[in-house]
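The lines below spell out each chain.
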Amino acid sequence: MSPLPNSHEHDLRRRILIVEDDYLVALQFENALTEAGYDVVDIASTAEEAVQIVPDYRPELVLMDVRLAGPRDGIQAAAEILDRFGIRSIFVSAFSDPATRARADRANPIAWLPKPVADRKLLNTVDSALRGIPSESNRS
């Protein structure tokens, strides 16, 4: 979806990366976020893919599943994305036991959403998180 000619609206939309290995869940998140006016820059299904695409798309926020296909999980990916790029994550997971949450602390998550998550709760959490992150247009 390309911006209209002479339109700067696309530049002002907040950029979000979704990291989720369940295609239907990723689609639900993408639809909800897009309808709410966010720019979903991409959907990654593995930790490796997520870390690789961050520099190209420069999202302002990552929606991160904890359990991912592949050798690394979302907590490891979120910690690396925070360390290397300074971008924080919202964890979305069916797993929120104390051990998992304690391990996630090193990634300094903005929030933790238990699955299944309703669109309204997702959007409220993303909106609240982005209010604490200066937008590209407000950075000097």
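Placed above this text is the structure.
Residues numbered from 1 in each chain as written. Predicted model: local features only at pLDDT ≥ 70, side-chain atom pairs only at ≥ 80, totals over all residues. Heavy atoms only, no water.

Colleague: What is the right way to read the sheet that holds strand E5 (residues 111-114) from this model?
Modeller: Two strands in a sheet stick together by hydrogen bonds in their backbones, pointing the same way (parallel) or opposite ways (antiparallel). The strand order across the open sheet formed by five strands is E2-E1-E3-E4-E5, and the pairing between neighbours is parallel. Bordering the open sheet on either side are strand E2 (39-44) and E5, each of which pairs with just one other strand. On average, each strand axis in the sheet is inclined to that of its neighbour by 20°, with strand direction left out of account. In terms of strand pairing, strand E4 (residues 89-93) meets E5 through four bridges, oriented parallel. Paired with serine 93 across the strands is proline 114, a residue of E5. With respect to the sheet, helix H6 (residues 119-131) is in contact with strand E1 (15-19), strand E3 (61-65), E4 and E5, its orientation differing from that of E3 by roughly 140°. (Pairing = 2+ DSSP bridges. Helix = DSSP H or I, 4+ residues; strand = E, 2+ residues; numbered from the N terminus. Axes fitted to C-alpha atoms, helices over the stretch in contact; angles between N-to-C directions. Contact = heavy atoms within 4.5 Å.)

Colleague: When you look at the side chain of aspartate 73 in this model, what are you seeing that I'm missing?
Modeller: Assignment of secondary structure puts aspartate 73 in the loop between E3 and helix H4 (74-85). Classification of aspartate 73 as buried rests on a relative accessible area of 13%. A distance of 3.1 Å separates a polar side-chain atom of aspartate 73 from the backbone nitrogen of isoleucine 75. Residues in contact with aspartate 73, not counting those within four places in the same chain, are Ala47, Val66, Leu68 and Arg103. (Buried < 20%, exposed > 50% of the residue type's maximum accessible area, 1.4 Å probe, protein only. Polar contact = N/O pair within 3.5 Å; in protein donor to acceptor, adjacent residues only side chain to side chain.)

Colleague: Before we go on, may I ask you to explain the nonpolar core in this structure?
Modeller: Across soluble globular proteins, nonpolar side chains have a tendency to be buried as a group. Ranked by size, the top nonpolar core spans 23 residues in total, and within it Leu17, Val19, Val62, Met64, Ile81 and Phe91 carry the most contacts. If you look at the next biggest cluster of nonpolar residues, it comprises 20 residues, including Ile18, Leu33, Leu113 and Ile133. (Core = buried A, V, L, I, M, F, W, Y, C linked by side-chain atoms within 4.5 Å.)

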